Amino acid sequence: LQWTYTSHLLGTTFGALGLTAQSLSMMSGNLIALSILMGFLSACDSLEPQAFAQGRHAEVGRIAVRGFLVGLLLLSPLLPLFAHIDTILISLGQPEAPARLARRFLRLYAFSYPGLCFVESGVRFYRAQNVVVPLVLVNLLALVLHPLWLHAFVGLFGFDGAPLAHVAGVYLSAVALVLML
């Protein structure tokens, strides 16, 4: 729902250019970084519940920490691509104006990937132990606050406020997961 609301706000505030840029940046980010991160972390979806079921509870935490650290290592060489994503998009036939704006969006949104790696590792840690209440609370908190600070950030920073609002939401979720331990 957060991305749907963001798309709506960008489309109504910045027109087709803003909406196209956001779509291009999210498509690029998902293909370059998110698919690799989530693919790797899916191994934790298998290993953590197995460790928990076998009574190796400390191993669940070790797998989560390793997943987070290796996830960061996997993201590190990918993030510089975002500095040149406009060149890549233009070479693939995308119009120049949305491609340049997509680069701006993705360069800011890229700051969320380390936090997202932490949150996704934390989600798997909780889920392996059949603990769902913290996950529900964190998602509700983010869902309720997102429209509020999306408007505030876009009001303060213009188009750049949209990715910054998502970055803030990811790190709020990370802090909330830690506080619920």
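Before going into details, it helps to say that this report is about the structure given with it.

## Notes on the layout of surface pockets
Reasoning step 1: Size it by volume and the largest pocket reaches roughly 510 Å³.
Reasoning step 2: Around the largest pocket, the lining is made up of 24 residues, and of these Gln 2, Leu 116, Glu 120, Asn 139 and Val 170 lie nearest the centre.
Reasoning step 3: Residue assignment for the lining of the largest pocket shows that the elements contributing at least two residues are helix H1 (2–53), helix H5 (112–128), helix H6 (133–157) and helix H7 (161–179).
Reasoning step 4: Considering only residue class, the lining of the largest pocket consists of 16 nonpolar, seven polar and one charged.
Reasoning step 5: Its boundaries defined by the atoms lining it, the second largest pocket holds a volume of some 200 Å³.
Reasoning step 6: Residue lining of the second largest pocket: Gly 61, Ala 64, Val 65, Phe 68, Phe 118, Ser 121, Gly 122, Phe 125, Tyr 126, Leu 177, Val 178 and Leu 181, and that is the complete set.

## With respect to the packing of aromatic side chains
Reasoning step 1: Applying the stated criterion to the full structure yields 10 aromatic pairs.
Reasoning step 2: Centroid distance Phe 14 to Phe 159: 5.7 Å. Interplanar angle 85°. Geometry classified as edge-to-face. Here the residue Phe 14 occupies a position in helix H1, and Phe 159 occupies one in the loop between H6 and H7, the gap between them amounting to 145 residues.
Reasoning step 3: What makes Phe 14 partly exposed here is its relative accessible area of 31%.
Reasoning step 4: Residue class for Phe 159 comes out buried when judged on its relative accessible area of 5%.
Reasoning step 5: An aromatic cluster is built from Trp 3, Phe 14, Phe 82, Phe 105, Tyr 109, Tyr 113 and Phe 159, whose rings are joined through pairwise contacts.

Criteria and thresholds
Residues numbered from 1 in each chain as written. Predicted model: local features only at pLDDT ≥ 70, side-chain atom pairs only at ≥ 80, totals over all residues. Heavy atoms only, no water. 1 Å grid on protein atoms, 1.4 Å probe; cavity = no way out; pocket = protein on both sides within 12 Å on 5 of 7 lines; lining within 4 Å. Points joined across faces, edges and corners; volume = space filled by probe spheres on them. Helix = DSSP H or I, 4+ residues; strand = E, 2+ residues; numbered from the N terminus. Nonpolar A, V, L, I, M, F, W, Y, C, P; charged D, E, K, R; others polar. Phe/Tyr/Trp six-rings, centres within 6.5 Å; stacked < 30°, edge-to-face > 60°. Buried < 20%, exposed > 50% of the residue type's maximum accessible area, 1.4 Å probe, protein only.

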